[in-house]
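A closer look at the structure
Each chain, letter by letter, is given below.
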Amino acid sequence: MSPSLLIAVLLVLSSMAYWLGRSRAFALSKKAGSVRLHSRPGYHGILVALWCAIPAFIIFCCWHFFSGNLLISYAMQSVTEARGELSPSEMNLAINDLRNLLSGSVFHREIDPALQLAADRYTGMRQIANVALAVVVLSSAILGSIWAYSRINPGLRARNKVEKAVEISLTLCSTIAVFTTLGIVLSVIFESIRFFQQVPFFDFLFGLKWSPQMAMRPDQMGTGSFGAIPVLAGTFLISAIAMSIAVPFGLLSAIHLSEYSGPNFRKVVKPMLEILAGVPTVVYGFFAALVVAPTIRGLGAGIGLSVASESALAAGLVMGVMIIPFVSSLSDDIINAVPQSLRDGSYALGATQSETIKNVVIPAALPGIVGSILLAVSRAIGETMIVVMAAGLAANLTLNPLQAVTTVTVQIVTLLVGDQEFDTPKTLAAFALGLLLFVVTLALNVIALYVVRKYREEYE
Amino acid sequence: MSTLETTASLQKGFAVPRENIGSRVQKKSRKIDRENRETVGLQFVDDPRMTCRAVNVFYGEKHAIKNVSIDIGKNEVLAMIGPSGCGKSTFLRCLNRMNDTIVGCRVTGEIRLDDLDIYEKNIDVVPLRAQVGMVFQKPNPFPKSIYDNVAYGPKIHGLAHSRSELADIVEDSLRRAGLWNEVNDRLDQPGTGLSGGQQQRLCIARAIAVRPEIILMDEPCSALDPIATATVEDLISELRQHYTIVIVTHNMQQAARVSQRTAYFHLGDLVEVGHTSRIFTNPAHQLTEDYITGRFG
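Remember, predicted model here, so these are calculated numbers, not experimental data.

1. Concerning unusual backbone geometry
Residues and elements named next belong to chain B. One non-glycine residue with positive phi stands out, namely Asp114, at about 50°. With respect to the helices and strands, Asp114 occurs in the loop between strand E5 (105-113) and strand E6 (116-117). Phi at Arg211 is positive, roughly 55°, even though this residue is not glycine. Position of Arg211 relative to the elements: it lies in the loop between helix H8 (196-209) and strand E8 (214-218). For Arg211, a relative accessible area of 52% corresponds to the exposed category.

2. Quick look at the sheet that holds E6 of chain B
Residues and elements named next belong to chain B. On the basis of which strands lie adjacent, the open sheet formed by four strands has the order E3-E2-E5-E6 and antiparallel pairing. Edge strands, defined here as strands with exactly one partner in the open sheet, are strand E3 (62-73) and E6. For E5 and E6, the ladder comprises two bridges, and the chain directions are antiparallel. Looking across to E6, one finds that Arg112 is bridged to Asp117.

3. As for the interface of chain A and chain B
Contact with chain A, which involves 22 residues of that partner, is made by 23 residues of chain B. Where chain A meets chain B, there are one salt bridge. With a closest N to O distance of 3.7 Å, Arg93 of chain B and Asp344 of chain A form a salt bridge. For the pair chain A and chain B, the number of links is four residue pairs in polar contact (both at pLDDT 80 or more).

4. Here we look at the sheet that holds strand E9 (residues 244-248) of chain B
Residue and element names in this part refer to chain B. Reading across from one edge, E1-E11-E10-E4-E9-E8-E7 is the order of the seven strands in this open sheet, with mixed pairing throughout. Sheet topology places strand E1 (40-41) and strand E7 (132-135) at the edges, where each strand pairs with a single neighbour. For strand E4 (residues 77-81) and strand E10 (residues 261-266), the ladder comprises four bridges, and the chain directions are parallel. Bridge pairing in E10 places Ala79 opposite Thr262. In the packing of H8 onto the sheet, the strands contacted are E7 and E8, and the crossing angle to E7 comes to about 170°.

5. Some thoughts on the environment of Ile229 of chain A
All names here are of chain A. By the element assignment, Ile229 lies in helix H7 (residues 229-260). Accessibility expressed as a relative area gives 26% for Ile229, which makes it partly exposed. Expressed as a C-alpha distance, the spacing of Ile229 and Trp210, which sit 19 residues apart in the sequence, is 7.9 Å. With near-sequence residues (within four places) excluded, Ile229 lies in contact with Leu205, Phe206, Gly207, Leu208 and Leu397.

6. Looking at the domain arrangement of chain A
Domain boundaries assigned for chain A yield domain 1 (3-156) and domain 2 (225-455). A separation of 49 Å is found between the C-alpha centroids of domain 1 of chain A and domain 2 of chain A.

7. Topic: the side chain of Ser69 of chain B
All names here are of chain B. Along the chain, the position of Ser69 falls in strand E3. You can call Ser69 buried: its relative accessible area is 14%. With residues up to four places along the chain from it excluded, the contact list for Ser69 reads Gln43, Phe44, Cys52, Arg53, Ala54 and Leu270.

8. As for the nonpolar core
Phe204 and Ile323 of chain A are the most contacted members of the largest nonpolar core, which has 55 residues in total. When residues of this core are traced back to their parent elements, those giving at least two are H7, helix H9 (281-302), helix H10 (312-337), helix H12 (353-382), helix H13 (385-390), helix H14 (408-416) and helix H15 (425-455) of chain A. With near-sequence residues (within four places) excluded, Ile323 of chain A lies in contact with Ala242, Met243, Ala246, Ala376, Arg379 and Ala380 of chain A. One finds Ala79, Ile146, Val170 and Leu174 of chain B within the second-largest nonpolar core, a separate group that totals 45 residues.

9. Thoughts on the pattern of salt bridges
Applying the stated criterion across every chain, the model contains 19 salt bridges over all chains. Between Asp148 of chain B and Lys155 of chain B there is a salt bridge whose closest N-O contact spans 3.8 Å. Judged by relative accessible area, Asp148 of chain B falls into the partly exposed class, the value being 30%. The closest approach of N and O atoms between Arg201 of chain B and Glu182 of chain B, which form a salt bridge, is 2.9 Å. Residue Arg201 of chain B is found in helix H8, and its partner Glu182 of chain B is found in helix H7 (residues 180-183); the two are separated by 19 residues along the sequence. You can call Glu182 of chain B partly exposed: its relative accessible area is 33%. Here the residues in one salt-bridge network are Arg266, Lys270, Asp332 and Asp333 of chain A, joined through shared partners.

10. Things to note about the side chain of Glu259 of chain A
Residue and element names in this part refer to chain A. Position of Glu259 among the secondary structure elements: in helix H7. Accessibility expressed as a relative area gives 12% for Glu259, which makes it buried. Of note is the side chain of Glu259, whose polar atom sits 2.9 Å from the side chain of Arg343. Setting aside its immediate chain neighbours within four residues, Glu259 contacts Ile335, Arg343, Gln353, Ile357 and Val361.

Calculation criteria
- By convention here, each chain's residues receive numbers from 1 onward along its written sequence.
- Each chain gets a letter, beginning with A, and each ligand a number, beginning with 1, in the order they are written.
- Only residues with pLDDT of at least 70 get local features here, since the model is predicted, and only at 80 or more are side-chain atom pairs given and counted; chain-wide, interface and lining totals rely on the full set of residues.
- Note: side-chain values were computed over all heavy atoms of the structure, leaving out hydrogens and water.
- Numbering of helices and strands starts at the N terminus; helices are DSSP runs of H or I of at least 4 residues and strands are runs of E of at least 2.
- Exposure classes here rest on a 1.4 Å probe applied to the protein chains alone. A residue is buried below 20% of its type maximum, exposed above 50%, and partly exposed in between.
- When DSSP finds at least two bridges between two strands, those strands are taken to pair.
- Two residues form a contact once any of their heavy atoms are found within 4.5 Å.
- A carboxyl oxygen of Asp or Glu within 4 Å of a side-chain nitrogen of Lys or Arg is what we treat as a salt bridge.
- Identification of polar contacts relies on pairs of N or O atoms within 3.5 Å, with a donor-acceptor requirement for protein atoms, meaning one able to donate a hydrogen and the other able to accept it, and with residues adjacent in sequence counted only if both atoms are side-chain atoms.
- Simply put, an axis is a line fit to the C-alpha atoms, just over the touching stretch for a helix, and the angle between two N-to-C directions goes from 0 to 180 degrees.
- These domain limits were set by an automatic method or by a database of domain assignments.
- Here, nonpolar core means buried Ala, Val, Leu, Ile, Met, Phe, Trp, Tyr and Cys residues that are tied together by side-chain atoms lying within 4.5 Å of each other.

Here it is as structure tokens:
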């Protein structure tokens, strides 16, 4: 029985269990007369269905998690019988061969008879195991439902149990994000540790030169230099340019939308601003590379400045436009959420509209506005595509926005694209850069949180 | 103000139950019929601060205030009572053009402050609102410190020329609102951290700090407990020495305690205006009597 069919049968069984449990509870409530059911019949039904589905599903998942390795090691016994004991690396090789054989991706090679035997054993065992799994899962489902069904009585607190189950599933969902974050951070940290075993930590953190080329053969000269400062400086330069566009334009358009514009204007303009956020970044990228960068270059040439054909300014400007909607749309929502009573209070004192906005509305909305700006900053720091296309790959350490710079994210991409070995510092540097970026954005978030908490003006 | 006075004014208010007023009234005279919506009573006074003539207010299609004419006298407290949705708050908000912020609101007729038509085309609402202050139903202190809440108005109007002058205005306003003794050691704390009654007095202090001539109060005590209410009522009586006050209230005892004249609104009509003592003992209109005897509203 194939796994998908098994799941389908399980679903049918549990819905049957639901109906059975529910009708039994109904019958009980009719028959018992004076005795009231503690929980409504639906809850009894759900409880039976849960008992039917969950244990069976857990068995199913466990099997699929562990069965692969179990079966392989079982099959490999025939190989070890034929060849005697194998060293771990030989074992790995043989296991790989076996997997290839099983997936049918071996075409023009002599097949080792021992391996062929192992493959046959594997397939045979697999079939038996699938049948066994189906039997175990279905019997667990049926036993579970029978047990739950037999326990239905008016005093059974089915509702509380179902609610508990719902609560547990909610908790599981909410912790998934936490565990994912933790997993990502840990994997990045472990790879970074490997990197720092080969490149000194302080050389990475304070080095002023970034050229991650490694000698491929012993006769080639030198190792690369892994100073993160130029890359980090490029990230900050481009983000700063982008924010100096996005914050004023975004904030002022939010103020206009929420305080000055009429409802009709707002109805049209706000969705259009949000479309800006929906344009794929690669489209912004070629807009920056093909339109903005040449224009800036032409303008620069006109006033006698030498502008690189790929410049931080071009990438930053376009990125700034891209993140305007993050600032404007969120800030607009937040400014709208400031209670009208505060505005009325200010107007009633004879304040003008601009005084009211400056002195009452913006301070009250400040935490949210800072939040939206933070979101925009993390967007700017993490943005890759525009920078790849418009700002170049040269790791110049410069504050001049007219030169080509590169950013952390772009370097991560170039380090990991193509055929790579995962034990050279060149590739591992990507993880170290990732960790650095993570720490920097985390620090920014913490600082911003602190600032917001210190200066927040709470209403209500 | 002492606790003794507070309790006294409370007891005074509750000493005359509604039923008694009603039964006494019914014996006296025939009432004007319920269908008659002409305003009866003392609409006009000799020395008015504000005069309203044939005021109509529309919210879109809805006719919220119908042809209301009334005077507001110098240094008097005018109470406006009536069932919910009868337009008293709307009318109050007309007096300093706070209705301007409501989309779809249209005002016709004439409202004059002294000799100034406040709905004239080229009038600037900013000085008008500085002259006609307002206190709202729900205390709405700004999310700033107590000091900044009071200093806000004087700052934007440039009333103080130095820091010490500003501090004097703040202290004076807080004193007059009866709040100084409670907050003088924590002026830098947020105004939103005060209790409801203190917040409302802070809002009154904030309104006084701009030195208005008229103060509009939209149910200023509806969110307060009886003790805080009594404090605010005493404050109103105090303020009457210097200001003209228009107060909207749902609490008829409150109207009886603080006001000299009372206006009764019914579904957008100004039904009756008169001396407070007469409105609550011998109203001329049947609708007024229905309301004050608790038959509806």
